[in-house]
Amino acid sequence: MLGRMDASFRLGPDGEPIVSPAARSPNERFFKSVETFSFLHLCNHWTAELLNAAGLPVTPVLDTLPIGLVLDLRLRRS
C-alpha cells in the first residue's frame, strides 16, 4: 500500500513530495501527483487502489462515490 502511495507523489529535487498550495486550512496538506485527474479516475478510485494494494478486494465502479466506497468496504468486511 505504501509503495502504491509513494509512486503517486511528484517529487522535488530533494526527493521529497511537493506540497501543493491548494490547502484551504492550516491543517490540510495536498501534494502534487504524477497521476492526472480524470472523471474516470477520481480520488475515491485512488483510495480504493491503495486499499486493494493492501490486500482488500474492491469494486471500482461502486467506489466512484464516497458512499459507494464505504458500502463496498462494509460488504466485504468479515
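Let me begin by describing the structure that accompanies this report. (Residues numbered from 1 in each chain as written. Predicted model: local features only at pLDDT ≥ 70, side-chain atom pairs only at ≥ 80, totals over all residues. Heavy atoms only, no water.)

**Observations concerning the overall build of the protein chain**
Each helix and strand counted, the protein chain has three helices and two strands in total. Counting from the amino terminus, the protein chain carries its helices and strands in the arrangement α-β-β-α-α. For the protein chain, the C-alpha atoms occupy an extent of roughly 40 × 25 × 25 Å along the three principal directions. Burial status across the protein chain gives 19% buried among its 78 residues. Counting every atom, the protein chain has about 5,900 Å² of accessible surface; 64% of that belongs to carbon and sulfur. Between the centroid of the 8 positive side chains of the protein chain and the centroid of its 8 negative side chains there is a distance of 6 Å. (Helix = DSSP H or I, 4+ residues; strand = E, 2+ residues; numbered from the N terminus. Buried < 20%, exposed > 50% of the residue type's maximum accessible area, 1.4 Å probe, protein only. Areas by Shrake-Rupley, 256 points an atom, 1.4 Å probe, with all protein chains shown as cover. Lys, Arg positive; Asp, Glu negative; His and termini not counted. Charge placed at Lys NZ, Arg CZ, Asp CG, Glu CD.)

**Points about a nonpolar patch on the surface**
On the surface, Leu62, Leu71 and Leu75 cluster together to form a nonpolar patch covering roughly 270 Å² of accessible area. Residue placement: Leu62 occurs in the loop between helix 2 (43-53) and helix 3 (66-76). Note on Leu62: relative accessible area 31%, which makes it partly exposed. (Patch = residues over 30% accessible without salt bridge, like charges linked within 9 Å, V, L, I, M, F, W, Y side chains within 5 Å. Salt bridge = Lys/Arg side-chain N within 4 Å of Asp/Glu carboxyl O.)

**Here we look at the environment of Arg29**
Tracing the backbone through its elements, the reader meets Arg29 in the loop between strand 1 (19-20) and strand 2 (30-31). The exposed category is assigned to Arg29, whose relative accessible area is 54%. Along the backbone, Arg29 and Val19 are 10 residues apart, and their C-alpha atoms lie at a distance of 6.9 Å. Within the structure, Arg29 has its side chain in polar contact with the backbone oxygen of Pro26 (distance 3.3 Å). (Polar contact = N/O pair within 3.5 Å; in protein donor to acceptor, adjacent residues only side chain to side chain.)

**Comments concerning the pattern of salt bridges**
Charged atoms that come close allow side chains of opposite charge to pair. The tally for this structure, following the rule as stated, stands at four salt bridges. We note a salt bridge from Glu35 to Arg4, for which the minimum N-O separation is 2.7 Å. Highlighted residues: Glu35 in the loop between strand 2 and helix 2 and Arg4 in helix 1 (residues 2-8), separated in sequence by 31 residues. Within this structure, Arg4, Glu35 and Glu49 form a network of salt bridges that share partners.

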